[in-house]
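# Architecture and fold: a report
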Protein chains: 2
Amino acid sequence: MLSKKTKYALKAMIVLARNHGKGPMLISTISEQENIPKKFLENILLELKNAGMLASKKGAGGGYYLLKPPDTIMLSDIIRLMGGPIALVPCVSLNFYEPCEECKDELTCGIRQVALRVRDASLEILAKTSIKDLAEKEDSLIAMHKKTRQKSHAK
Amino acid sequence: MLSKKTKYALKAMIVLARNHGKGPMLISTISEQENIPKKFLENILLELKNAGMLASKKGAGGGYYLLKPPDTIMLSDIIRLMGGPIALVPCVSLNFYEPCEECKDELTCGIRQVALRVRDASLEILAKTSIKDLAEKEDSLIAMHKKTRQKSHAK
DNA sequence: TGGTTTCTCTACTAATTTAGTGGAGTTAAT
DNA sequence: ATTAACTCCACTAAATTAGTAGAGAAACCA
């Protein structure tokens, strides 16, 4: 499962992707729009900034904004940064490898073999979906549902 | 990430799969073979039993054994039973659905859309791999590595 | 310059989940 | 009866996650 921290980071990045090119966004704006505790979000955005994914400006008219085009920022980048789990077991994690303490022989561990396949399948999706993709997907879903609601209302 | 409990359950089930047809196995045997704390394993096996995956016999010559053929027990069955996470977010979990508290609209949530795809991809693997598959895979890996070691030694 | 806005940083606390243990009880075999 | 095993409940400890507090620093604006 993704931690809340990771989910918050993803949501914030999607909002910033949608806002890309329109200047900096306030922490408090994002926090309100997405129902994220403000103080918690501060930490998260700072972390994303320190990792080079965001930039910020202080003072009036300041806020956070994306440093790179939103179609170059992949979901897997964000999840990894937040320490979120992509792999099922640490011994198949590409970025946070650790041996499983109780495992006798990694090379012949059946669980590990399956975990490798699951990791690859997940990564195939997460490393190929950008926050721009998601922002657009949400927009189109919103449009679709608006129509549906109008129709069922009109009837 | 899979919890230790889930990993222990998988390992125990694989051992039991390999032993299938040869009578009951002691908790302590499994515990020693797989480096699993005995008391913890007791709880886990009991849970698997109560779920109908295992049966047990008390007294001398007793122990645990599989109730169904090992090729009908899928990894996803075990992971789910142990409350392990297959889905990245609770709102796409087939068996443990829960809305994400902070989510405004599930139907238009982009993260949810991706999580659905990841879930399906993972399940495609986990629901089609049985503990028999894994036991056999391990056996063949062990055989393979034995050869390799002999060769490199002979050289 | 002084005040206001907004991010920055360190350090904590609280809540939850995970991992593991203890010990008495029950069932079955010999 | 005795011994070998599983059963069951209740507890503790450790780790992780979630969230908060509050002083500080930079930028802007009057």
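Going by the structure above, here's the rest.
Structure report, in brief.

The rules we used
Residues numbered from 1 in each chain as written. Chains lettered and ligands numbered in written order. Predicted model: local features only at pLDDT ≥ 70, side-chain atom pairs only at ≥ 80, totals over all residues. Heavy atoms only, no water. Near = heavy atom within 4 Å. Polar contact = N/O pair within 3.5 Å; in protein donor to acceptor, adjacent residues only side chain to side chain. Helix = DSSP H or I, 4+ residues; strand = E, 2+ residues; numbered from the N terminus. Nonpolar A, V, L, I, M, F, W, Y, C, P; charged D, E, K, R; others polar. Phe/Tyr/Trp six-rings, centres within 6.5 Å; stacked < 30°, edge-to-face > 60°. Least-squares fit on C-alpha atoms with pLDDT ≥ 70 in both. Contact = heavy atoms within 4.5 Å. Buried area = accessible area lost by both parts, 1.4 Å probe. Salt bridge = Lys/Arg side-chain N within 4 Å of Asp/Glu carboxyl O. Expected span 1.5 Å × (residues − 1). Buried < 20%, exposed > 50% of the residue type's maximum accessible area, 1.4 Å probe, protein only. Arc of directions from axis to C-beta.

Surrounding DNA strand D, one finds 27 residues, the nearest of these being Lys4 and Lys39 of chain A together with Lys49, Ser56 and Tyr64 of chain B. In this structure, Lys5 of chain A approaches DNA strand D through a main-chain N or O atom, which is 3.5 Å from a phosphate oxygen. Between a base oxygen of DNA strand D and a side-chain N or O atom of Asn43 of chain A, the distance comes to 3.1 Å. Broken down by secondary-structure element, the contributors of at least two residues to the surface near DNA strand D are α1 (4-18) and α3 (38-50) of chain A together with α3 (38-50), β1 (54-57) and β2 (63-66) of chain B.

Time to look at the protein's contact with DNA strand C. In the neighbourhood of DNA strand C, 25 residues make up the surrounding shell, with Lys49, Ser56 and Tyr64 of chain A together with Lys4 and Lys39 of chain B lying closest. When atoms of DNA strand C within 4 Å of the protein are sorted by moiety, sugar and phosphate together comprise 67%. Note that a phosphate oxygen of DNA strand C is positioned 3.2 Å from one of the side-chain N or O atoms of Tyr8 of chain B. Within the side chain of Asn43 of chain B, a nitrogen or oxygen atom sits 3.3 Å from a base oxygen of DNA strand C. Secondary structure elements with two or more residues in the surface near DNA strand C: α3, β1 (54-57) and β2 (63-66) of chain A together with α1 (4-18) and α3 of chain B. The greatest single-element share of the surface near DNA strand C, amounting to 4 residues, is contributed by α3 of chain A. The class makeup of the residues in the surface near DNA strand C is 10 nonpolar, 6 polar and 9 charged.

Below, the discussion takes up the packing of aromatic side chains. All names here are of chain A. Scanning the entire structure with this criterion turns up 2 aromatic pairs over all chains. Here Tyr8 and Phe40 contribute two aromatic rings whose centre-to-centre distance is 5.7 Å and whose plane-to-plane angle is 90°, an arrangement assigned as edge-to-face. Of this pair, Tyr8 sits in helix α1 while Phe40 is found in helix α3, placing the two residues 32 residues apart along the sequence.

Moving on, we get to the relation of the copies chain A and chain B. Expressed as a screw transformation, the operator carrying chain A onto chain B has a rotation angle of 180° and an axial translation of 0.0 Å, and the superposed copies differ by an RMSD of 0.1 Å. Considering both components of the superposition, the chain copies are consistent with a two-fold axis. Proximity to the rotation axis, assessed at the C-alpha, singles out Ala121 of chain A in chain A; its C-alpha lies 3.1 Å from the axis. Residue by residue, 100% of the interface of chain A is reproduced at the interface of chain B, so both copies engage with the same surface.

Okay, the side chain of Glu138 of chain A next. One can find Glu138 of chain A in helix α6 (residues 131-154). Setting aside anything within four residues of it in sequence, one finds Glu138 of chain A in contact with Ile14 and Arg18 of chain A together with Thr108, Cys109, Gly110 and Ile111 of chain B.

With 45 residues of chain A in contact, the opposing surface of chain B contributes 45 residues. Overall, the association of chain A and chain B removes approximately 4,100 Å² of surface from exposure, summing both partners, and the carbon and sulfur fraction of that is 66%. Among the residues of chain A in contact with chain B, Met1, Glu102 and Ile111 of chain A are the three that bury the most area, contributing 18% of the side total. Taken together, chain A and chain B are joined by 4 salt bridges. Glu102 of chain B serves as the salt-bridge partner of Lys7 of chain A, at 3.7 Å between the closest nitrogen and oxygen. In this structure, the connection of chain A to chain B is made through 10 residue pairs in polar contact (both at pLDDT 80 or more). Of all the secondary-structure elements, those providing two or more residues to the side of chain A that touches chain B are α1, α2 (27-34), α5 (110-126) and α6 of chain A. Broken down by element, the side of chain A that touches chain B gets its largest block of residues, 10 residues, from α5 of chain A. Partitioned by chemical class, the residues of the side of chain A that touches chain B number 24 nonpolar, 8 polar and 13 charged.

Here we come to α3 of chain A. Spacing of three or four residues puts side chains on the same side of an α-helix, whose turn is 3.6 residues. Residues and elements named next belong to chain A. In this model, α3 (13 residues) spans 18 Å end to end at C-alpha, consistent with the 18 Å of a helix rising 1.5 Å per residue. Within α3, the full set of buried residues consists of Leu41, Ile44, Leu45 and Leu48. For α3, the buried positions fall inside an angular range of 95° around the axis, keeping them on one side. Set apart from the buried face of α3 by more than 90 degrees, the exposed residues are Lys39 and Asn50. Looking at the buried positions of α3, the neighbouring elements they touch are α1, α2, β1, β2 and α4 (75-81). Backbone geometry just downstream of α3 places Gly52 in the positive-phi region, at approximately 85°.

By themselves, these observations are geometric and do not establish any function.
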